[in-house]
Amino acid sequence: MKKAEKGVRKKKASPRKDTSARKPIRVSVLESDPLRFVGLRALFGSGAEFHVRSSTIPAILKALDDDVVLMTRNRGTAFYSGMTALKAVRPGVRIIVTGPGGSDEDILRAISAGAKGYIRDDATPAEFKQAIRMVSGGSVWAPSRVLATFIERVTTSNTSHKANTHDGQLISSRQRQVLRLLAAGRPNREIAKELGLTERTVKAHVAELLRKIGAPNRIALSVHPVSHTLLAVAE
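Residues numbered from 1 in each chain as written. Predicted model: local features only at pLDDT ≥ 70, side-chain atom pairs only at ≥ 80, totals over all residues. Heavy atoms only, no water.

> What is the right way to look at helix α5 (residues 104-112) in this model?
Since the α-helix packs 3.6 residues into each turn, any two residues three or four apart lie on the same face. Within α5 the residues assigned to the buried category are Ile 107, Leu 108, Arg 109, Ala 110, Ile 111 and Ser 112. In the stretch just after α5, Gly 114 is the one whose phi turns positive, near 125°. (Buried < 20%, exposed > 50% of the residue type's maximum accessible area, 1.4 Å probe, protein only. Helix = DSSP H or I, 4+ residues; strand = E, 2+ residues; numbered from the N terminus.)

> I keep staring at the sheet that holds strand β1 (residues 25-30) and nothing clicks. Help me out?
By definition, the strands of a sheet pair up through backbone hydrogen bonds, in either a parallel or an antiparallel sense. With parallel pairing, the five strands of this open sheet are ordered in space as β2-β1-β3-β4-β5. Bordering the open sheet on either side are β2 (50-54) and β5 (117-120), each of which pairs with just one other strand. Shown here is a sheet whose adjacent strand axes are inclined to one another by a mean of 25°, direction ignored. Pairing of β1 with β2, which is carried by five bridges, proceeds in the parallel orientation. Each residue of the ladder has a partner; that of Val 29, found in β2, is Ser 54. (Pairing = 2+ DSSP bridges. Axes fitted to C-alpha atoms, helices over the stretch in contact; angles between N-to-C directions.)

> Is there a simple way to think about the packing of aromatic side chains in this case?
To describe a pair of aromatic rings, you give the distance between the ring centres and the angle between the ring planes. On inspection of all chains with the given rule, the structure shows two aromatic pairs. Taken together, a centroid distance of 6.5 Å and an interplanar angle of 80° make the contact between Phe 44 and Phe 128 edge-to-face. Here the residue Phe 44 occupies a position in the loop between α2 (34-43) and β2, and Phe 128 occupies one in helix α6 (residues 125-136), the gap between them amounting to 84 residues. You can call Phe 128 buried: its relative accessible area is 2%. (Phe/Tyr/Trp six-rings, centres within 6.5 Å; stacked < 30°, edge-to-face > 60°.)

Written out as structure tokens, the structure reads:
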């Protein structure tokens, strides 16, 4: 009798994971054009995986509840200075830059400024979603060749730092101020105004920085690992 009862005993069903309870990825979009924001939000569809909202830098600094910040790159200088300000207060924020085209140097500059990824405006909705997933999970989203270049620059920064200082001395305090504003994407005119210098003096400082660090131009200077190492030194 016991055997018969044992034979009809049913196995307990293993509990299934409830994927519907998974929290959506919260994406804060920094975009001043309302129509462009609507277009970006439409890329993610109406599913529950993403929660996309328009935001501002002050709102992001106050809310602290986003998983990814999507910043649209524009031609103004406020883009890089805004990113620098955001990273200064929230160094762990995960930023993805989106913009038209984007050369390797543009992508390198964005990553060096603190972005975790760069995605072109004409990317497919699937690519946008995958980029958000990757960055929210702690990875970096950028072309492999760009990441290879970035890693190479970082790994050789110590050697370059020693080879490109002048007579074993670091850059001056004033040159470091110029470099900091240059890395934030500020043009010579704005740098001169903020530091109380003439544009000619700023150009002279930039030329000296190019020589000491060994960068071919101001864009390369702003993304060079040595530049960021020097900026990390307390004045």
